[in-house]
Amino acid sequence: MMPHGSCFLWNHVLTNLHVSSDTVIAISYFSIPTMMFLERHKMNEDARSIAILFASFILSCGLGHLVTAWNIWHTDYWLEGSIKLVTATISAYTAIELYSKIPLFLSVHKRLEVSEQKVQTDELTGMPNRRALNRELAQIIEDSNLKAESLDFFGDVEIHHALLLADLDGFKSINDNFGHPIGDLVLQEIAKRLLDSTQMGNISIARLGGDEFAALISFCNEDKVLALAQEIRTIVCGYADSNAYAATLGISIGFQLFSPGDPTVKAEEIYAAADRALYHAKESGKGKISWTNPHAETIYGVRYQQV
């Protein structure tokens, strides 16, 4: 049998544990409606009515825990019973309201996700669009601000990111000779082939509008970007050879390398440099791949031209 002193001490510990737990729970309950009140300006009318109901339920639960702690030393069970009756009433009413509102809220969230996806998708080809590419470029620039030692595992290979811009040559004649519906079909087919051939984790390809496409390649070197550019040329030229509508079709490509971890890199400057390279490729006779890299001076045959 436990001695009287030990029993008293044990009951004291249990009482304190009970009271402190109920108090912490009550404070936590009270903090939720407080946060909802502070963020009330972000709610629409439908959400506000549900929020008020939910806040009332949470507050009544918190108050119930405080009364339970109070009754450790007092015997106001009528008060505790009254609070529980209020909590039960609010709980039942909240459950009824949520039963009809939750499917609507969930469908709204789903529609928002679908809308966000549509905003970043090119309607004609199903490719990511300029908005999506801009977001990914900004994310790459932000994420790649790494310390130099973080790239040590690449060894002696010089590592870059790259933005590649590609413009179809001769596409206007397809629209002029066969009509815009045929031009749209050509764009869709090229987009499909490009997407099928670039399913790699560090390559994102997009349609910027009209007959212009783009690719974003992360953690690569110049040779890899050149290989991708040549693959894109091969896809377009192969399609042109096999399709009477697209017999005049070609592609010019320009790209710009930029270094991971460079805090001076800006997205608009990368776009401008890649666009200058693309312009140089088209001015050099079209069907060329052009790029800027101050560390390399080699001109890669007749298919490539370095700015």
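Predicted, not measured: the structure shown is a model, and the values here were computed from it.

**Student:** Mind showing me how you'd approach the overall build of the protein here?
**Tutor:** When you go through the protein residue by residue, the secondary structure sums to 8 helices and 6 strands. In the protein, buried positions account for 37% of the 307 residues. In the protein, once contacts between residues fewer than 6 apart in sequence are set aside, the share between residues at least 24 apart is 69%. Counting every atom, the protein has about 18,100 Å² of accessible surface; 61% of that belongs to carbon and sulfur.

**Student:** I'm lost on the packing of aromatic side chains in this one. Help?
**Tutor:** One pair of aromatic rings is described through two measures. These are the centre distance and the angle between the planes. Under the defined criterion, the tally for this structure stands at 2 aromatic pairs. Here the aromatic rings of F178 and Y245 are separated by 5.0 Å at their centres, their planes lie at 75 degrees, and the arrangement is edge-to-face. Of this pair, F178 sits in helix α5 (residues 171-178) while Y245 sits in the loop between α7 (222-242) and β4 (250-258), and the two are 67 residues apart along the sequence. Using a relative accessible area of 39% as the deciding quantity, one classes F178 as partly exposed. Exposure remark for Y245: the relative accessible area of 38% places this residue in the partly exposed category.

**Student:** Quick question: what am I supposed to make of the packing of α5 against helix α6 (residues 180-197) here?
**Tutor:** Any two packed helices are characterised by how steeply their axes cross, that is the angle between the axes, and by the distance between the axes. At a closest axis distance of 7 Å, the pairing of α5 and α6 adopts a crossing angle of 140 degrees. Judged by the angle between their axes, α5 and α6 are oblique. Contacts between α5 and α6 involve F171, I174, N175 and F178 on the former and, on the latter, H180, I182, G183, V186 and L187. A class-by-class count of the residues in the contact of α5 with α6 yields 6 nonpolar, 3 polar and no charged.

**Student:** Help me understand the pairing of strand β1 (residues 160-169) in this model?
**Tutor:** Within a regular strand, the side chains alternate between the two sheet faces. Most of β1 sits out of view: 10 of its 10 residues are buried. Residue alternation in β1 divides its side chains into two sets, H160, A162, L164, A166 and L168 and H161, L163, L165, D167 and D169, and both sets are buried. Examined bridge by bridge, β1 and strand β3 (residues 212-220) share 7 bridges and lie antiparallel to one another. Of the residues in β3, the one forming a bridge with H160 is C220. As paired elements, β1 and β4 share 9 bridges and run antiparallel to each other.

**Student:** When you look at the side chain of D167 in this model, what are you seeing that I'm missing?
**Tutor:** Examined against the element boundaries, D167 turns out to sit in strand β1. On the accessibility criterion, D167 (14% relative accessible area) is buried. In contact with D167, not counting residues within four places along its chain, are D211, E212, G250, I251, S252, L278 and K282.

**Student:** Can you help me understand the pattern of salt bridges in this one?
**Tutor:** Note on pairing: side chains with opposite charge can pair once their charged atoms come close. Summed over the entire model, instances satisfying the criterion amount to 6 salt bridges. Note that D122 is salt-bridged to R207, the shortest N-O span being 3.1 Å. Of this pair, D122 sits in the loop between α3 (77-119) and α4 (130-143) while R207 sits in strand β2 (residues 203-209), and the two are 85 residues apart along the sequence. We classify D122 as buried; its relative accessible area is 12%.

**Student:** Can you walk me through the nonpolar core in this structure?
**Tutor:** Nonpolar side chains in soluble globular proteins tend to end up buried together. Core analysis: the largest hydrophobic core is formed by 36 residues, its most contacted members being L164, L168, I190, I217 and L249. Elements that contribute at least two residues to this core include exactly β1, α5, α6, β2, β3, α7, β4 and β5 (289-292). Sequence-distant contacts of L168, defined by excluding residues within four places in its chain, comprise L187, I190, D211, F213, V236, L249, G250, I251 and K282. Counting 16 residues, the second-largest nonpolar core is a separate cluster that includes L137, L208, I270 and Y271.

**Student:** Looking at this structure, how should I read a nonpolar patch on the surface?
**Tutor:** A surface patch of nonpolar side chains, amounting to about 250 Å² of accessible area, comprises I32, M35 and F54. Inspection of the secondary structure puts F54 in helix α2 (residues 45-70).

**Student:** Would you explain unusual backbone geometry in this entry?
**Tutor:** Glycine aside, residues mostly have negative phi angles, and peptide bonds mostly take the trans form. The backbone of F219 sits at a positive phi, close to 45 degrees, despite the residue not being glycine. With respect to the helices and strands, F219 occurs in strand β3.

Thresholds, definitions, all that
Residues numbered from 1 in each chain as written. Predicted model: local features only at pLDDT ≥ 70, side-chain atom pairs only at ≥ 80, totals over all residues. Heavy atoms only, no water. Helix = DSSP H or I, 4+ residues; strand = E, 2+ residues; numbered from the N terminus. Buried < 20%, exposed > 50% of the residue type's maximum accessible area, 1.4 Å probe, protein only. Contact = heavy atoms within 4.5 Å. Areas by Shrake-Rupley, 256 points an atom, 1.4 Å probe, with all protein chains shown as cover. Phe/Tyr/Trp six-rings, centres within 6.5 Å; stacked < 30°, edge-to-face > 60°. Axes fitted to C-alpha atoms, helices over the stretch in contact; angles between N-to-C directions. Parallel < 35°, antiparallel > 145°, perpendicular 65-115°, else oblique. Nonpolar A, V, L, I, M, F, W, Y, C, P; charged D, E, K, R; others polar. Pairing = 2+ DSSP bridges. Salt bridge = Lys/Arg side-chain N within 4 Å of Asp/Glu carboxyl O. Core = buried A, V, L, I, M, F, W, Y, C linked by side-chain atoms within 4.5 Å. Patch = residues over 30% accessible without salt bridge, like charges linked within 9 Å, V, L, I, M, F, W, Y side chains within 5 Å.

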